[in-house]
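# Survey of secondary and tertiary structure
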Amino acid sequence: MSKPRYLTGITTTGTPHLGNYVGAIRPAVASSQEQSIDSFYFLADYHSLIKSYDASALKQSSKEIAATWLAFGLNTDNAVFYRQSDIPEIPELTWMLTCVAAKGLMNRAHAYKAAVADNEEHGERDADKGITMGLFSYPILMAADILMFKANKIPVGRDQIQHVEMARDIAARFNHHFGEHLVLPEAVVDDNVAVLNGLDGRKMSKSYNNTIPLFEPPKRLRKLIMKIKTNSLEPGEPKQPDGCTLFQIFRAFATAEQTEAVRQLYADGIAWGEMKQMLFEHLDGILSEPRERYEELMAKPEIMEDILLAGAERARQYSVPLMQDLRSAIGLGDLAK
Ligand code: TRP
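Because the structure is predicted, anything quoted here is derived from the model rather than measured.

## Quick look at the nonpolar core
Judged by nonpolar contacts, the single largest core of 50 residues is most densely connected at Leu-18, Ile-212, Ile-249, Phe-253, Tyr-266 and Leu-283. When residues of this core are traced back to their parent elements, those giving at least two are helix H1 (18–32), strand E2 (38–44), helix H3 (55–71), helix H10 (218–227), helix H11 (245–252), helix H12 (256–267), helix H13 (272–299) and helix H14 (301–330). With 9 residues, the single largest contributor to this core is H13. When residues are assigned to domains, this core turns out to be shared by domain 1 (5–195 + 301–330) and domain 2 (215–296), each giving three or more.

## Things to note about the pattern of salt bridges
Under the criterion given, the structure shown has 15 salt bridges. Here Arg-327 and Glu-92 are joined by a salt bridge, their closest N and O atoms 2.8 Å apart. In this pair, Arg-327 is assigned in helix H14 and Glu-92 in helix H4 (residues 89–98), connecting sequence segments 235 residues apart. Among the ionic pairs, Asp-284 bridges to Arg-291, the shortest N-O distance being 2.7 Å. With a relative accessible area of 18%, Asp-284 lands in the buried category. With relative accessibility at 6%, the residue Arg-291 sits in the buried group.

## Some thoughts on unusual backbone geometry
We note that Lys-150 has phi near 50°; this positive angle belongs to a residue other than glycine. Relative to the helices and strands, Lys-150 is located in the loop between helix H8 (138–148) and strand E4 (153–155). Positive phi outside glycine occurs at Asn-209, with the angle close to 55°. Of note, Asn-209 is situated in the loop between strand E5 (186–188) and H10. The class for Asn-209 is exposed, based on a relative accessible area of 70%.

## Here we look at the packing of aromatic side chains
Enumeration according to the criterion identifies 16 aromatic pairs in this entry. Taking the centre distance of 5.4 Å and the plane angle of 15° together, the rings of Phe-42 and Tyr-82 count as stacked. With Phe-42 in strand E2 and Tyr-82 in strand E3 (residues 80–83), this residue pair connects regions lying 40 residues apart in the sequence. Overall, the relative accessible area of 3% leaves Phe-42 in the buried class. Centroid distance Phe-247 to Tyr-266: 5.6 Å. Interplanar angle 70°. Geometry classified as edge-to-face. Taken together, the residues span a long stretch of sequence, with Phe-247 in helix H11 and Tyr-266 in helix H12 at a distance of 19 residues. Of the two residues examined, Phe-247 and Tyr-266, each falls in the buried class. Here the aromatic residues Tyr-21, Phe-72, Phe-215, Phe-253 and Tyr-294 are joined through ring pairs into a cluster of three or more. One cation-aromatic arrangement involves Arg-202 over Tyr-208; the distance from NZ or CZ to the ring centre is 4.0 Å. The positively charged end of Lys-239 is found above the aromatic ring belonging to Trp-272, 5.5 Å away from the centroid.

## Some points on the domain arrangement of the protein
We note that the domain assignment places domain 1 (5–195 + 301–330) and domain 2 (215–296) within the protein. Each partner contributes to the interface: domain 1 provides 11 residues, whereas domain 2 provides 10 residues. Across the domain 1 to domain 2 interface the summed buried area is about 930 Å²; carbon plus sulfur atoms make up 69%. Its largest share of buried area at the contact with domain 2, domain 1 owes to Leu-18, Ala-71 and Phe-72, together 49% of the area lost on that side.

## Section: the site of the ligand
Thr-11, His-47, Tyr-138, Asp-145 and Gln-160 are the nearest of the 14 residues found near the ligand. Note that a nitrogen atom of the ligand is positioned 2.9 Å from one of the side-chain N or O atoms of Tyr-138. One nitrogen or oxygen atom from the side chain of Asp-145 is found 2.7 Å from a nitrogen atom belonging to the ligand. Contact with the protein chains hides 88% of the accessible area of the ligand, taken as 370 Å² for the molecule alone. Those elements that provide at least two residues to the shell around the ligand are strand E1 (5–11), E2 and H8. Split by residue class, the shell around the ligand holds 8 nonpolar, 5 polar and 1 charged.

The rules we used
Residues numbered from 1 in each chain as written. Predicted model: local features only at pLDDT ≥ 70, side-chain atom pairs only at ≥ 80, totals over all residues. Heavy atoms only, no water. Core = buried A, V, L, I, M, F, W, Y, C linked by side-chain atoms within 4.5 Å. Buried < 20%, exposed > 50% of the residue type's maximum accessible area, 1.4 Å probe, protein only. Helix = DSSP H or I, 4+ residues; strand = E, 2+ residues; numbered from the N terminus. Domains from an automatic or database assignment. Salt bridge = Lys/Arg side-chain N within 4 Å of Asp/Glu carboxyl O. Phe/Tyr/Trp six-rings, centres within 6.5 Å; stacked < 30°, edge-to-face > 60°. Lys NZ or Arg CZ within 6 Å of the ring centre and 35° of its normal. Contact = heavy atoms within 4.5 Å. Buried area = accessible area lost by both parts, 1.4 Å probe. Near = heavy atom within 4 Å. Polar contact = N/O pair within 3.5 Å; in protein donor to acceptor, adjacent residues only side chain to side chain. Areas by Shrake-Rupley, 256 points an atom, 1.4 Å probe, with all protein chains shown as cover. Nonpolar A, V, L, I, M, F, W, Y, C, P; charged D, E, K, R; others polar.

Below, the structure written as structure tokens:
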């Protein structure tokens, strides 16, 4: 039996934070070590163009994200690690898929619907105001990412399940018209993976501006942790760990025994200041080694560039032949054949 193939991408906007690490980077690094699965990981840099037109921010974020994956030990011998924009077959497949994807399907994509709802809320006469075709057809680009490599399993957060289902739908339509060329993918959502809260207690997310970046210098990291919102219980008063952001973050980085010990400290009425200091020391202990590697990589981006180009070469061993098949299945190309 052939190995299951996992694929996932990270959009290159913003600086990787604790929530990204726990939710996506840590599981991806772990599966990159597994010989029993094939894995494909990539920087979704075309996706970032949907959200921002800031060229230097895009480059900076691409560097930070690549350095983060590598600093945590992504196994790039086993996993294929590449940059989306190094694979010219992806935009080519995107167009083919665009021509079979139903517009009505895209109308239902939640990012587009949210943008329309936002316009309506603000009383705009044009519900599509400010919405680009990039945002509208973003699920098709994502479908091309997935279908290009015949991936079966797509580890994603809940917000992305809809997109993986759209990729399935689009693949099935393509196959219906042109034969069984594309593999239908399936989203994999790991319920054991924690979704972390941010400084203000809402979900940690770059769009809420409440994140704790992974590789801040220790002093900055401490300062951010000190800012995490808590309730106003006094030292000595018993506290409830469940629902507490400090506890939740601690637990995501701790063993079961360490977690139980902290639960007890809550019951004993640990002071918030003390708990914050402990969380800082715990995180700093875990992050200091990868932080060093991260800083080395950020100082030498040519190392990352070489790794990404080697990854693109491997990725294209899949994408080039698939596109040859698809071109001929569609009726493009050589007139003499
Ligand atoms: N859209 C995904 C996100 O914002 C990133 C992404 C792009 C992706 N292409 C993908 C994820 C393909 C999984 C598979 O999180």
